[in-house]
Amino acid sequence: MQPEHRITEEFEHLRRRALTGNANTNTYYQMGLAYQYGRGTERNRRLAARWFEKCIGLTKQNVLPYLEDYFENTDLSSETAQNTAREALQEEFDSDQINAHIKLFDIEDNTISLLDISKLVVAAHDGDVEAQYQLGLYFLGADNTYFLPVYGGENEGLHWMLQAAEQGYSKAYSPIAEGYGYIAGVAIDINAAFHWAEKAYVADPTSAWQNFANHYLIGGAVEKDVQKYIDILLESGDLEIAPYLLGQLFISGRYIEVDAERAAHYFAQCQSQNLRELGDEDIKRYYDAL
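Since we're looking at a predicted model, the values are computed, not measured. (Residues numbered from 1 in each chain as written. Predicted model: local features only at pLDDT ≥ 70, side-chain atom pairs only at ≥ 80, totals over all residues. Heavy atoms only, no water.)

What follows is about the pattern of salt bridges. Scanning the model with the defined rule gives 3 salt bridges in all. A salt bridge links R15 to E12; the nearest nitrogen and oxygen atoms lie 3.0 Å apart. With R15 and E12 both in helix α1 (residues 9-18), this residue pair falls 3 residues apart, about one helical turn. Look at R15 and you get partly exposed, because its relative accessible area is 30%. (Salt bridge = Lys/Arg side-chain N within 4 Å of Asp/Glu carboxyl O. Helix = DSSP H or I, 4+ residues; strand = E, 2+ residues; numbered from the N terminus. Buried < 20%, exposed > 50% of the residue type's maximum accessible area, 1.4 Å probe, protein only.)

Below you can see the structure in the form of structure tokens.
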């Protein structure tokens with residue numbers, strides 16, 4: 001069951017304006033945003049798409065292929081692609097219509113068809129472990145990464161992941177661990193989260209180390225053990241994120257006494273230049289504050 005959402009007065013006021021028939025494109029665009037992000041009402045990407053289409057008018061089919069040229073260009077960042085698309089469309093559409101085009105493209109590009117979902121549901125009920133896993137992924141990402149014609153939510157996703165896990169499908173362990181750690185923004189079962197995080201780590205230490213290590217850093221299901229956290233990170237073999245996390249551990253002073261030299265040592269090991277630079281900035285801020 002999905003959590004109830006309180007309809008705010010601001011949303012009701014916006015909706016009344018949108019339904020008058022005299023609303024401008026900004027009102028329609030704001031209605032689309034309200035449904036896409038749950039602003040004053042529950043999330044509903046289908047309704048968001050309808051309001052974005054109303055904002056645009058009848059031009060969607062002509063413009064979406066045009067936008068694809070920008071968004072499928074891997075040489076452009078998402079922000080650059082959107083800005084380039086806006087520049088190309090600004091002579092024909094106002095800013096709200098251009099933004100509606102971009103939002104609609106995002107929704108449609110991440111939509112799973114009802115036929116595809118139906119096939120997965122049938123296969124999952126028949127015991128197909130890969131179908132159970134894929135269906136679990138889709139439901140866990142629904143209204144966030146994916147838009148599903150039938151939205152089951154996090155609990156539905158966990159159900160199918162557990163079905164796959166019971167058949168020994170180890171790829172399902174990590175999503176289950178993450179799901180139990182944060183279900184629908186409300187319920188937390190930290191013991192179940194640790195149980196599945198440990199199983200995921202045993203099955204594949206090189207990819208499941210971070211979630212498992214965090215339990216020892218924070219405590220709860222197990223006794224807090226910062227040295228165990230450090231050991232897991234060092235054993236992970238990861239040369240990008242793990243050194244950065246170790247540097248953060250020693251420069252933040254949150255879980256262990258600050259050791260700027262050791263932090264610098266780990267930051268320097270990061271393969272990512274961006275993470276090395278972020279680490280250097282943290283160290284500089286620490287010394288500047290002394």
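This part is about helix α12 (residues 205-218). An α-helix turns once per 3.6 residues; consequently, residues spaced three or four apart project the same way. Here α12 is 14 residues long and its end C-alpha atoms lie 19 Å apart, about the 20 Å a rise of 1.5 Å per residue gives. Maximal helix bending in α12 amounts to about 30 degrees, located at N211. Those residues of α12 that are buried lie in contact with α10 (173-181), α11 (190-203), α13 (226-235) and α14 (241-252). In the segment just after α12, G219 is the residue with positive phi, at about 80 degrees. (Expected span 1.5 Å × (residues − 1). Bend = angle between axes of the 7 residues up to and from the residue. Contact = heavy atoms within 4.5 Å.)

The next subject is the packing of α14 against helix α15 (residues 260-267). Relative to each other, α14 and α15 sit at 165 degrees, their axes nearing to 8 Å. What the angle tells us is that α14 and α15 run roughly antiparallel. In this structure, α14 crosses over α15, and the sense of that crossing is left-handed. Residues P243, Y244, L246, G247, Q248, F250 and I251 of α14 touch α15, and the partners they reach there are A260, R262, A263, Y266 and F267. Taken together, the residues of the contact of α14 with α15 sort by class into 9 nonpolar, 2 polar and 1 charged. (Axes fitted to C-alpha atoms, helices over the stretch in contact; angles between N-to-C directions. Parallel < 35°, antiparallel > 145°, perpendicular 65-115°, else oblique. Left-handed = near helix turned anticlockwise from the far one by under 90°. Nonpolar A, V, L, I, M, F, W, Y, C, P; charged D, E, K, R; others polar.)

This part takes up the confidence of the model for the chain. Residue-level pLDDT values for the chain average 83, and 81% of them are 70 or greater. Mean pLDDT across the elements of the chain ranges from a minimum in helix α4 (residues 60-71), with 55, to a maximum in α13, with 97. Contacts of residues 1-5 to residues separated by more than four positions or lying in other chains number 5 contacts, the stretch itself having pLDDT below 50. Every residue in residues 183-187 is under pLDDT 50, and counting partners more than four places away or in other chains gives 6 contacts. (pLDDT = per-residue confidence, 0-100.)

Turning our attention to the nonpolar core. Membership of the largest hydrophobic core comes to 27 residues, with the highest contact counts inside it found for W209, Y216, Y229, I230, I232, L233 and L249. For this core, the secondary-structure elements that each account for two or more residues are α11, α12, α13, α14, α15 and α16 (273-288). Broken down by element, this core gets its largest block of residues, 7 residues, from α14. When sequence neighbours within four positions are dropped, the list of residues in contact with W209 reads Y201, I232, L233, S236, D238, I241, A242 and L245. Residues A34, Y35, L104 and I107 belong to the second largest nonpolar core, which totals 19 residues. (Core = buried A, V, L, I, M, F, W, Y, C linked by side-chain atoms within 4.5 Å.)

As for its position among the elements, L89 is in helix α5 (residues 78-89). The class of L89 is buried, set by a relative accessible area of 4%. Sequence separation of L89 and H101 is 12 residues, and the distance between their C-alpha atoms is 9.8 Å.

Here the focus is helix α8 (residues 129-140). If you check α8, its first and last C-alpha atoms are 16 Å apart, about what 12 residues at 1.5 Å a residue would give, namely 16 Å. When we look at burial in α8, the residues that qualify are A131, Q132, Y133, L135, G136, Y138 and F139. At the N-terminal boundary of α8, the capping side chain belongs to D128, with an oxygen 3.0 Å from the backbone nitrogen of E130. (Polar contact = N/O pair within 3.5 Å; in protein donor to acceptor, adjacent residues only side chain to side chain.)

A few words on the packing of aromatic side chains. This structure, assessed with the given rule, holds 12 aromatic pairs. For the ring pair F194 and F212, a centre distance of 5.8 Å and an interplane angle of 25 degrees mean the geometry is stacked. Of this pair, F194 sits in helix α11 while F212 sits in helix α12, placing them 18 residues apart in sequence. Residue class for F194 comes out buried when judged on its relative accessible area of 11%. With relative accessibility at 5%, the residue F212 sits in the buried group. Arranged with centres 6.0 Å apart and planes meeting at 20 degrees, the rings of F250 and Y266 form a pair that is stacked. With F250 in helix α14 and Y266 in helix α15, the pair connects residues that are 16 residues apart, well separated along the chain. Of the two residues, F250 and Y266, both sit in the buried class. Seen from the ring of Y173, K199 lies directly overhead, with NZ or CZ sitting 5.1 Å from the centre. Across the ring face of Y216, the terminal group of K228 is positioned such that the distance to the ring centre comes to 5.6 Å. (Phe/Tyr/Trp six-rings, centres within 6.5 Å; stacked < 30°, edge-to-face > 60°. Lys NZ or Arg CZ within 6 Å of the ring centre and 35° of its normal.)

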